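Breakdown of the fold
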Amino acid sequence: MESYALRDISFEIQDGEFIGLIGHTGSGKSTLIQHLNGLMRPSSGTVYFNGEDIFGAGYDLRALRGKVGLVFQYPEYQLFETDVLADVKYGPKNMGLSDQEAEERAKEALALSGLSEDFWTRSPFELSGGQKRRAAIAGVLAMEPQVLILDEPTAGLDPRGRDEILETVSQLHKSRHVTIILVSHSMEDIARYADRILVLNEGNLQYFDTPKRVFKYYRELEKMGLSAPQITYLMHGLRDEGIDVDTSIGTIEEAREEILRIYEKNRIKD
Ligand SMILES: Nc1ncnc2c1ncn2[C@@H]1O[C@H](COP(=O)(O)OP(=O)(O)OP(=O)(O)O)[C@@H](O)[C@H]1O
Ligand SMILES: [Mg+2]
């Protein structure tokens with residue numbers, strides 16, 4: 001009955017990168033990221049953080065969990081304290097910080113997460129879905145991780161809640177240079193934010209490259225139950241109509257510029 005959830009996976013992520021992790025349901029995304037902070041131990045192979053084997057003798061896995069923060073799928077189910085602030089303090093306290101330090105960290109993380117102060121002293125169970133999600137993310141941010149891994153942080157949220165969370169993540173990446181690994185089913189979000197995309201297919205690493213290069217394989221992605229962003233299909237449609245556009249475009253903003261460029265070029269010719 002033995003089976004492998006992941007196989008022959010080897011890759012390296014640089015400091016400060018924004019990585020998008022995609023793959024069909026059951027392809028192994030959640031399993032993979034739990035190896036990165038040592039929650040799961042591979043049956044063979046290993047994981048290095050800053051050049052050190054995290055499963056090596058004497059390696060401090062507890063400290064690693066503060067440096068590589070993992071926000072689980074539906075993290076709001078893990079809120080358990082009586083009020084939001086206590087919940088967010090849990091991580092830093094567990095790292096050995098004093099109550100006062102933990103509280104400072106928690107408040108800063110809550111502010112970063114965008115949850116307004118009125119909610120900090122409430123029970124997590126009184127919050128809306130999006131607010132709970134923010135509180136749960138704050139709980140990880142309070143440990144000030146160097147790497148932040150988020151497993152579908154926008155699943156089940158309305159478009160506004162989704163954009164707000166992604167903007168928060170993007171800000172952390174830009175202003176604090178936190179390395180981000182974002183698991184998402186939205187090719188639009190991935191195309192917009194990721195420097196590189198890691199594609200998992202049935203437990204194998206299929207591609208690891210820039211969005212432009214990965215989305216070129218949109219036919220192959222479709223066979224894996226994935227796709228390219230909608231706008232990429234539109235660009236291919238324009239190309240099929242004989243308009244000489246760049247088909248590697250993955251965001252609406254890029255498409256807008258490209259279409260205007262072609263329009264201007266043709267206008268001058270006319
Ligand atoms: N410890 C394990 N040993 C063997 N197989 C496992 C183990 N844990 C999970 N699996 C299997 O590995 C596969 C990948 O599961 P995983 O939850 O990582 O996928 P996923 O890409 O996160 O899916 P989703 O998009 O639905 O969240 C599943 O078929 C799962 O049943
Ligand atoms: Mg998953």
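Residues numbered from 1 in each chain as written. Chains lettered and ligands numbered in written order. Predicted model: local features only at pLDDT ≥ 70, side-chain atom pairs only at ≥ 80, totals over all residues. Heavy atoms only, no water.

What about the packing of helix 3 (residues 84-94) against helix 4 (residues 99-113)?
It is the contact of helix 3 with helix 4, at a shortest axis distance of 8 Å, that shows an interaxial angle of 120°. Seen along the crossing, helix 3 lies across helix 4 with a hand that is right-handed. Listed contacts from helix 4 to Val84, Leu85, Val88, Lys89, Pro92 and Lys93 of helix 3 are Asp99, Ala102, Glu103, Arg105, Ala106, Lys107, Ala109 and Leu110. Of the residues assigned to the contact of helix 3 with helix 4, the class counts are eight nonpolar, no polar and six charged. (Axes fitted to C-alpha atoms, helices over the stretch in contact; angles between N-to-C directions. Helix = DSSP H or I, 4+ residues; strand = E, 2+ residues; numbered from the N terminus. Left-handed = near helix turned anticlockwise from the far one by under 90°. Contact = heavy atoms within 4.5 Å. Nonpolar A, V, L, I, M, F, W, Y, C, P; charged D, E, K, R; others polar.)

Topic: the packing of aromatic side chains
This model, assessed by the stated rule, comprises six aromatic pairs. Between Phe18 and Tyr193 the ring centres are 6.0 Å apart and the planes differ by 15°, which places this aromatic pair in the stacked class. Separated by 175 residues along the polypeptide, Phe18 in strand 1 (residues 18-23) and Tyr193 in helix 7 (residues 187-193) bring together distant segments of the chain. Neither residue differs from the other here; Phe18 and Tyr193 are each classed as buried. Ring centres of Tyr218 and Tyr233 lie 5.5 Å apart, and the angle between their planes is 90°; on these two criteria the pair is classed as edge-to-face. Within this pair, whereas Tyr218 is found in helix 9 (residues 218-223), its partner Tyr233 is found in helix 10 (residues 230-240), the two being separated by 15 residues in sequence. (Phe/Tyr/Trp six-rings, centres within 6.5 Å; stacked < 30°, edge-to-face > 60°. Buried < 20%, exposed > 50% of the residue type's maximum accessible area, 1.4 Å probe, protein only.)

Observations concerning the coordination of the magnesium ion (ligand 2)
Only Ser30 (OG) and Gln73 (OE1) from the protein coordinate the magnesium ion (ligand 2), and they sit 2.0 to 2.6 Å from it. Residue Ser30 is located in helix 1 (residues 29-36), and its partner Gln73 is located in the loop between strand 4 (68-71) and helix 3; the two are separated by 43 residues in the primary sequence. (Donors = N, O, S within 2.8 Å, 3.2 Å for Na, K, Ca; no water.)

Some words on the side chain of Arg134
Looking at the secondary structure, you find Arg134 in helix 5 (residues 129-141). Within the structure, Arg134 has its side chain in polar contact with the side chain of Glu164 (distance 2.8 Å). (Polar contact = N/O pair within 3.5 Å; in protein donor to acceptor, adjacent residues only side chain to side chain.)

Details of the nonpolar core
The biggest cluster of nonpolar side chains holds 46 residues, and the ones touching the most others in it are Leu148 and Val199. Ranked by residues supplied to this core, first place goes to helix 5 with six residues. In this structure, Leu148 is in contact with Gly69, Val71, Val140, Leu141, Leu172, Val178, Thr179, Ile180 and Ile181, ignoring residues within four places of it in sequence. In terms of nonpolar packing, the next biggest core, distinct from the first, is built from 21 residues, Leu6, Ile19, Phe55 and Val147 among them. (Core = buried A, V, L, I, M, F, W, Y, C linked by side-chain atoms within 4.5 Å.)

With respect to the pattern of salt bridges
Pairing between side chains becomes possible if they bear opposite charge and their charged atoms approach one another. Considering all chains together, one arrives at 17 salt bridges under this definition. A salt bridge links Glu167 to Arg192, with the shortest nitrogen-to-oxygen separation between them at 3.5 Å. Remark: Arg192 occurs in helix 7 and Glu167 occurs in helix 6 (residues 159-176); sequence separation between them is 25 residues. When the shortest N-O distance is used, the salt bridge between Arg213 and Asp209 registers 2.9 Å. Assessed through its relative accessible area of 49%, Arg213 is described here as partly exposed. The network of salt bridges with shared partners includes Lys89, Lys93, Asp99, Glu103 and Lys107. (Salt bridge = Lys/Arg side-chain N within 4 Å of Asp/Glu carboxyl O.)

Some details on the domain arrangement of the chain
According to the domain assignment, the chain contains domain 1 (18-210) and domain 2 (229-270). The C-alpha centroid of domain 2 is placed 36 Å from the C-alpha centroid of domain 1. The partner domain 2 presents four residues to the four residues of domain 1 that form the contact. Roughly 280 Å² is buried in total at the junction of domain 1 and domain 2, and carbon and sulfur atoms are behind 68% of that figure. Sorting the residues of domain 1 by area buried against domain 2 places Met187, Glu188 and Ala191 first, and these three jointly supply 90% of that buried surface. Applying the counting rule to domain 1 against domain 2 returns zero salt bridges. On the surface where domain 1 and domain 2 come into contact, there are one residue pair in polar contact (both at pLDDT 80 or more). Of the residues assigned to the side of domain 1 that touches domain 2, the class counts are two nonpolar, no polar and two charged. (Domains from an automatic or database assignment. Buried area = accessible area lost by both parts, 1.4 Å probe.)

Let's talk about the sheet that holds strand 4
Either a parallel or an antiparallel arrangement is found when strands of a sheet pair, and the pairing is made through backbone hydrogen bonds. Spatially, six strands are ordered 4-5-6-1-7-8 in an open sheet, and the strand pairing comes out mixed. Single-partner strands in this sheet number two, and they are strand 4 and strand 8 (204-209). Here the strands of the sheet are splayed against their neighbours by 15° on average, with no regard to which way each runs. Alignment of strand 4 against strand 5 (residues 147-151), held across four bridges, turns out to be parallel. (Pairing = 2+ DSSP bridges.)

Description of the site of ligand 1
Around ligand 1, a shell composed of 13 residues is seen, among which Thr25, Gly26, Lys29, Ser30 and Thr31 lie nearest. A distance of 2.7 Å separates an oxygen atom of ligand 1 from a polar side-chain atom of Lys29. Contact distances for ligand 1 include 3.0 Å between an oxygen atom and a side-chain N or O atom of Gln73. Protein contacts shield 56% of the accessible area of ligand 1, which totals 650 Å² for the unbound molecule. Looking at the shell around ligand 1 residue by residue, the class counts come to one nonpolar, 10 polar and two charged. (Near = heavy atom within 4 Å. Areas by Shrake-Rupley, 256 points an atom, 1.4 Å probe, with all protein chains shown as cover.)

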